[in-house]
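Chain and residue survey
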Amino acid sequence: MVAISVAVLVNRLEREMMSEPLLHIDRSVFNNKFDRRAFSLRHRLTDHPLFAIERLVELAQTLPSDQIEYNAGDLPVNQDPDLTPQNGLSAEETVQRIEHCDSWLVLKRVESDPDYRVLLDQCLDEIRDLSELIQPNMHQREGFIFVSSPGAVTPYHMDPELNFLLQIRGSKVMRVWDPADRVVISELDLEDYFSSDSHRNLEYRDEYARRCDRFELTPGLALHVPMAVPHWVKNGDGVSVSFSITFRTAASRDRERLYQLNARLRSLGLSPHPVGASASRDAAKLGLYQVYHRARRILRSVRA
Ligand SMILES: [Fe+2]
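Being a predicted model, the structure only gives us computed values, none of them experimental. (Residues numbered from 1 in each chain as written. Predicted model: local features only at pLDDT ≥ 70, side-chain atom pairs only at ≥ 80, totals over all residues. Heavy atoms only, no water.)

Description of the domain arrangement of the protein
Looking at the assigned domains, one finds that the protein contains domain 1 (21-249) and domain 2 (255-303). Of the residues lining the interface, 10 residues belong to domain 1; the matching set on domain 2 comes to 10 residues. Regarding the contact of domain 1 and domain 2, the summed buried area is about 930 Å², with carbon and sulfur atoms giving 57% of it. It is E187, E191 and F194 that lose the most area in domain 1 upon contact with domain 2, and together they represent 54% of the buried surface on that side. Linking domain 1 to domain 2 there are two salt bridges. R248 is the partner of E256 in a salt bridge, and the nearest nitrogen-oxygen pair spans 3.5 Å. Counting across the domain 1 and domain 2 interface gives four residue pairs in polar contact (both at pLDDT 80 or more). (Domains from an automatic or database assignment. Contact = heavy atoms within 4.5 Å. Buried area = accessible area lost by both parts, 1.4 Å probe. Salt bridge = Lys/Arg side-chain N within 4 Å of Asp/Glu carboxyl O. Polar contact = N/O pair within 3.5 Å; in protein donor to acceptor, adjacent residues only side chain to side chain.)

In C-alpha coordinates form, the structure reads like this:
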(Lines give C-alpha, C1' and ligand atoms only; values in the text may rest on other atoms or scores of the structure.)
Protein backbone atom coordinates (compact mmCIF):
# COMPACT_ATOMS: atom_id res chain seq x y z
CA MET A 1 0.00 0.00 0.00
CA VAL A 2 2.85 2.35 1.00
CA ALA A 3 4.82 1.32 -2.11
CA ILE A 4 1.85 2.18 -4.31
CA SER A 5 1.52 5.59 -2.66
CA VAL A 6 5.24 6.34 -3.21
CA ALA A 7 4.96 5.28 -6.85
CA VAL A 8 1.97 7.55 -7.30
CA LEU A 9 3.87 10.41 -5.66
CA VAL A 10 6.95 9.93 -7.86
CA ASN A 11 4.73 9.79 -10.91
CA ARG A 12 2.99 12.99 -9.86
CA LEU A 13 6.34 14.73 -9.23
CA GLU A 14 7.59 13.66 -12.65
CA ARG A 15 4.46 15.01 -14.29
CA GLU A 16 4.81 18.28 -12.38
CA MET A 17 8.44 18.59 -13.52
CA MET A 18 7.38 17.89 -17.08
CA SER A 19 4.72 20.56 -16.90
CA GLU A 20 7.01 23.14 -15.29
CA PRO A 21 7.91 25.89 -17.77
CA LEU A 22 11.21 25.54 -19.61
CA LEU A 23 11.73 29.31 -19.53
CA HIS A 24 11.50 31.65 -16.57
CA ILE A 25 10.42 35.01 -17.94
CA ASP A 26 9.75 38.18 -15.95
CA ARG A 27 6.47 39.32 -17.46
CA SER A 28 6.99 43.05 -16.83
CA VAL A 29 10.54 42.99 -18.27
CA PHE A 30 9.18 41.10 -21.28
CA ASN A 31 6.38 43.60 -21.79
CA ASN A 32 8.78 46.55 -21.55
CA LYS A 33 11.64 45.24 -23.64
CA PHE A 34 10.39 42.59 -26.09
CA ASP A 35 11.79 43.41 -29.57
CA ARG A 36 12.99 46.79 -28.23
CA ARG A 37 16.08 46.01 -26.13
CA ALA A 38 18.08 42.91 -25.23
CA PHE A 39 17.20 41.36 -21.86
CA SER A 40 18.19 38.21 -20.01
CA LEU A 41 16.02 35.41 -18.60
CA ARG A 42 16.53 31.88 -17.30
CA HIS A 43 15.87 28.44 -18.77
CA ARG A 44 16.20 24.84 -17.58
CA LEU A 45 17.61 23.02 -20.61
CA THR A 46 21.23 22.72 -19.42
CA ASP A 47 21.05 18.95 -18.86
CA HIS A 48 18.85 18.20 -21.85
CA PRO A 49 20.14 15.12 -23.74
CA LEU A 50 19.54 16.76 -27.14
CA PHE A 51 22.58 18.99 -26.43
CA ALA A 52 25.04 16.23 -25.51
CA ILE A 53 28.03 16.28 -27.90
CA GLU A 54 27.30 12.70 -29.10
CA ARG A 55 23.73 13.71 -30.05
CA LEU A 56 24.99 16.87 -31.78
CA VAL A 57 27.47 14.75 -33.80
CA GLU A 58 24.52 12.57 -34.85
CA LEU A 59 22.55 15.69 -35.83
CA ALA A 60 25.53 17.01 -37.85
CA GLN A 61 25.62 13.67 -39.71
CA THR A 62 21.93 13.78 -40.61
CA LEU A 63 21.31 17.45 -41.42
CA PRO A 64 21.71 18.47 -45.10
CA SER A 65 25.08 20.15 -45.68
CA ASP A 66 23.44 23.49 -46.55
CA GLN A 67 22.09 23.55 -42.96
CA ILE A 68 25.56 23.49 -41.42
CA GLU A 69 28.01 26.39 -41.42
CA TYR A 70 31.41 26.23 -39.78
CA ASN A 71 34.82 27.83 -39.89
CA ALA A 72 37.87 28.66 -37.85
CA GLY A 73 37.00 30.21 -34.51
CA ASP A 74 39.78 32.77 -33.94
CA LEU A 75 38.23 35.54 -36.02
CA PRO A 76 38.44 39.30 -35.59
CA VAL A 77 35.29 41.22 -34.63
CA ASN A 78 35.41 42.86 -38.07
CA GLN A 79 35.46 39.85 -40.41
CA ASP A 80 35.08 40.09 -44.20
CA PRO A 81 32.75 37.12 -44.86
CA ASP A 82 34.50 36.35 -48.17
CA LEU A 83 37.78 35.81 -46.34
CA THR A 84 36.54 33.70 -43.40
CA PRO A 85 39.16 30.96 -42.83
CA GLN A 86 38.00 27.31 -42.85
CA ASN A 87 39.20 24.68 -40.38
CA GLY A 88 39.95 21.80 -42.79
CA LEU A 89 37.61 19.35 -41.02
CA SER A 90 34.20 17.85 -41.74
CA ALA A 91 31.19 19.09 -39.75
CA GLU A 92 31.06 15.87 -37.68
CA GLU A 93 34.81 16.09 -36.95
CA THR A 94 34.39 19.72 -35.96
CA VAL A 95 31.72 18.85 -33.36
CA GLN A 96 33.68 15.81 -32.11
CA ARG A 97 36.90 17.80 -31.70
CA ILE A 98 35.32 21.11 -30.72
CA GLU A 99 37.31 21.39 -27.49
CA HIS A 100 40.64 21.55 -29.34
CA CYS A 101 39.97 22.39 -33.02
CA ASP A 102 39.55 26.15 -32.52
CA SER A 103 36.33 26.35 -34.53
CA TRP A 104 32.85 27.84 -34.71
CA LEU A 105 29.88 25.84 -36.03
CA VAL A 106 26.14 26.36 -36.37
CA LEU A 107 23.51 23.69 -37.08
CA LYS A 108 20.69 25.54 -38.82
CA ARG A 109 16.94 24.95 -38.82
CA VAL A 110 17.35 21.96 -36.49
CA GLU A 111 13.56 21.58 -36.37
CA SER A 112 13.91 19.39 -39.46
CA ASP A 113 14.81 16.70 -36.87
CA PRO A 114 11.53 15.79 -35.07
CA ASP A 115 13.16 15.65 -31.60
CA TYR A 116 14.43 19.21 -31.91
CA ARG A 117 11.13 20.35 -33.45
CA VAL A 118 9.27 19.24 -30.30
CA LEU A 119 11.70 21.09 -28.02
CA LEU A 120 11.68 24.23 -30.17
CA ASP A 121 7.88 24.27 -30.11
CA GLN A 122 7.76 23.76 -26.34
CA CYS A 123 10.03 26.78 -25.80
CA LEU A 124 8.37 29.02 -28.37
CA ASP A 125 4.87 28.16 -27.15
CA GLU A 126 5.89 29.64 -23.78
CA ILE A 127 7.17 32.80 -25.46
CA ARG A 128 4.09 33.05 -27.67
CA ASP A 129 1.88 33.24 -24.57
CA LEU A 130 3.45 36.66 -23.93
CA SER A 131 4.54 37.83 -27.38
CA GLU A 132 1.12 37.45 -29.06
CA LEU A 133 -0.20 40.26 -26.86
CA ILE A 134 2.52 42.57 -28.18
CA GLN A 135 3.25 41.27 -31.67
CA PRO A 136 0.65 38.80 -32.99
CA ASN A 137 1.16 36.00 -35.52
CA MET A 138 4.31 34.21 -34.45
CA HIS A 139 5.47 32.21 -37.46
CA GLN A 140 8.54 30.80 -39.25
CA ARG A 141 9.81 29.10 -36.11
CA GLU A 142 13.45 28.12 -36.57
CA GLY A 143 16.10 26.70 -34.24
CA PHE A 144 19.89 27.00 -34.49
CA ILE A 145 22.52 25.28 -32.35
CA PHE A 146 25.90 26.96 -32.00
CA VAL A 147 28.84 24.76 -31.01
CA SER A 148 32.12 26.60 -30.58
CA SER A 149 35.61 26.24 -29.18
CA PRO A 150 37.12 28.07 -26.21
CA GLY A 151 37.73 31.73 -27.10
CA ALA A 152 35.88 31.56 -30.45
CA VAL A 153 34.49 34.82 -31.83
CA THR A 154 31.25 35.41 -33.73
CA PRO A 155 32.04 38.60 -35.71
CA TYR A 156 29.90 41.75 -35.57
CA HIS A 157 26.63 41.11 -37.41
CA MET A 158 22.84 41.23 -37.18
CA ASP A 159 20.03 38.76 -37.88
CA PRO A 160 16.58 39.24 -39.41
CA GLU A 161 14.61 37.24 -36.81
CA LEU A 162 13.48 37.75 -33.24
CA ASN A 163 15.76 35.58 -31.16
CA PHE A 164 16.11 34.03 -27.72
CA LEU A 165 19.60 32.59 -27.24
CA LEU A 166 19.71 29.88 -24.55
CA GLN A 167 23.18 29.16 -23.14
CA ILE A 168 23.42 25.41 -22.56
CA ARG A 169 27.11 24.78 -21.87
CA GLY A 170 30.15 27.03 -21.31
CA SER A 171 30.06 30.80 -21.19
CA LYS A 172 30.15 33.68 -23.64
CA VAL A 173 30.01 37.45 -23.58
CA MET A 174 27.56 39.10 -25.96
CA ARG A 175 27.83 42.76 -26.86
CA VAL A 176 24.49 44.01 -28.10
CA TRP A 177 23.51 47.43 -29.40
CA ASP A 178 20.26 49.39 -29.17
CA PRO A 179 18.21 48.61 -32.31
CA ALA A 180 17.14 52.27 -32.41
CA ASP A 181 20.75 53.59 -32.38
CA ARG A 182 21.01 55.08 -35.86
CA VAL A 183 24.67 56.06 -35.26
CA VAL A 184 25.54 52.38 -35.23
CA ILE A 185 22.99 51.08 -37.74
CA SER A 186 21.48 53.56 -40.20
CA GLU A 187 18.22 53.41 -42.16
CA LEU A 188 20.34 52.86 -45.28
CA ASP A 189 22.09 49.91 -43.62
CA LEU A 190 18.71 48.38 -42.74
CA GLU A 191 17.29 48.98 -46.23
CA ASP A 192 20.36 47.37 -47.77
CA TYR A 193 20.29 44.43 -45.35
CA PHE A 194 16.66 43.54 -46.03
CA SER A 195 16.62 44.18 -49.78
CA SER A 196 19.78 42.41 -50.88
CA ASP A 197 21.54 39.11 -50.33
CA SER A 198 24.28 40.77 -48.32
CA HIS A 199 26.01 38.65 -45.66
CA ARG A 200 24.94 39.06 -42.03
CA ASN A 201 28.39 40.43 -41.06
CA LEU A 202 28.55 44.22 -40.67
CA GLU A 203 31.45 46.66 -40.68
CA TYR A 204 32.54 47.32 -37.09
CA ARG A 205 34.04 50.62 -35.95
CA ASP A 206 35.94 51.12 -32.69
CA GLU A 207 33.78 54.11 -31.75
CA TYR A 208 30.76 51.76 -31.43
CA ALA A 209 32.33 50.01 -28.42
CA ARG A 210 31.10 52.46 -25.77
CA ARG A 211 27.50 52.36 -27.07
CA CYS A 212 26.75 48.67 -26.43
CA ASP A 213 25.30 46.62 -23.58
CA ARG A 214 27.42 43.72 -22.34
CA PHE A 215 25.80 40.44 -21.25
CA GLU A 216 27.64 37.45 -19.81
CA LEU A 217 25.83 34.20 -20.55
CA THR A 218 26.43 31.11 -18.44
CA PRO A 219 24.53 27.78 -18.45
CA GLY A 220 20.88 28.37 -17.54
CA LEU A 221 20.88 31.98 -18.72
CA ALA A 222 19.31 33.20 -21.96
CA LEU A 223 19.25 36.49 -23.83
CA HIS A 224 16.53 38.02 -25.97
CA VAL A 225 17.99 39.65 -29.08
CA PRO A 226 15.45 41.80 -30.94
CA MET A 227 15.17 41.85 -34.73
CA ALA A 228 18.03 43.51 -36.65
CA VAL A 229 20.22 44.34 -33.66
CA PRO A 230 24.00 44.51 -34.19
CA HIS A 231 25.94 42.20 -31.88
CA TRP A 232 29.11 40.18 -31.57
CA VAL A 233 30.09 37.31 -29.30
CA LYS A 234 33.21 35.97 -27.61
CA ASN A 235 33.35 32.58 -25.92
CA GLY A 236 34.79 31.97 -22.49
CA ASP A 237 37.47 29.39 -21.66
CA GLY A 238 35.38 26.28 -22.32
CA VAL A 239 33.37 24.69 -25.12
CA SER A 240 30.15 26.60 -25.70
CA VAL A 241 26.80 25.15 -26.78
CA SER A 242 23.89 27.56 -27.32
CA PHE A 243 20.35 27.01 -28.59
CA SER A 244 18.89 29.88 -30.56
CA ILE A 245 15.10 29.83 -30.87
CA THR A 246 13.83 32.28 -33.46
CA PHE A 247 10.63 33.40 -35.14
CA ARG A 248 8.97 36.15 -37.11
CA THR A 249 5.76 38.07 -36.36
CA ALA A 250 3.33 40.07 -38.51
CA ALA A 251 5.10 43.26 -37.35
CA SER A 252 8.59 41.95 -38.14
CA ARG A 253 7.44 40.84 -41.59
CA ASP A 254 5.95 44.31 -42.18
CA ARG A 255 9.23 45.95 -41.14
CA GLU A 256 11.15 43.80 -43.64
CA ARG A 257 8.74 44.82 -46.40
CA LEU A 258 8.97 48.50 -45.46
CA TYR A 259 12.77 48.46 -45.65
CA GLN A 260 12.57 46.72 -49.03
CA LEU A 261 10.08 49.31 -50.26
CA ASN A 262 12.15 52.23 -48.97
CA ALA A 263 15.23 50.82 -50.71
CA ARG A 264 13.21 50.69 -53.95
CA LEU A 265 11.97 54.27 -53.46
CA ARG A 266 15.52 55.44 -52.75
CA SER A 267 16.77 53.76 -55.94
CA LEU A 268 14.22 55.89 -57.81
CA GLY A 269 15.82 59.05 -56.39
CA LEU A 270 13.30 59.62 -53.57
CA SER A 271 14.05 60.15 -49.86
CA PRO A 272 11.60 57.90 -48.00
CA HIS A 273 10.66 58.55 -44.39
CA PRO A 274 12.31 56.17 -41.89
CA VAL A 275 10.40 53.01 -41.01
CA GLY A 276 8.45 53.51 -37.78
CA ALA A 277 8.41 57.33 -37.94
CA SER A 278 4.71 57.41 -38.89
CA ALA A 279 2.25 54.54 -38.44
CA SER A 280 -0.17 55.91 -41.05
CA ARG A 281 2.59 56.42 -43.62
CA ASP A 282 3.91 52.90 -42.98
CA ALA A 283 0.37 51.49 -43.38
CA ALA A 284 -0.04 53.30 -46.70
CA LYS A 285 3.31 51.95 -47.91
CA LEU A 286 2.36 48.41 -46.91
CA GLY A 287 -0.87 48.80 -48.90
CA LEU A 288 1.22 49.89 -51.87
CA TYR A 289 3.57 46.95 -51.35
CA GLN A 290 0.67 44.49 -51.42
CA VAL A 291 -0.87 46.04 -54.56
CA TYR A 292 2.52 45.99 -56.31
CA HIS A 293 3.19 42.35 -55.47
CA ARG A 294 -0.36 41.27 -56.33
CA ALA A 295 -0.02 42.97 -59.73
CA ARG A 296 3.33 41.22 -60.29
CA ARG A 297 1.81 37.84 -59.43
CA ILE A 298 -1.08 38.41 -61.86
CA LEU A 299 1.30 39.52 -64.63
CA ARG A 300 3.45 36.45 -64.06
CA SER A 301 0.47 34.08 -64.23
CA VAL A 302 -0.81 35.80 -67.41
CA ARG A 303 2.60 35.38 -69.04
CA ALA A 304 2.77 31.73 -67.91
FE1 LIG B 1 23.49 36.57 -34.24
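A few points about the side chain of K285
As for its position among the elements, K285 is in helix α8 (residues 279-303). No salt bridge is formed by the buried K285; the nearest opposite charge belongs to D282, separated by 4.6 Å. (Helix = DSSP H or I, 4+ residues; strand = E, 2+ residues; numbered from the N terminus. Buried < 20%, exposed > 50% of the residue type's maximum accessible area, 1.4 Å probe, protein only. Lys, Arg positive; Asp, Glu negative; His and termini not counted.)

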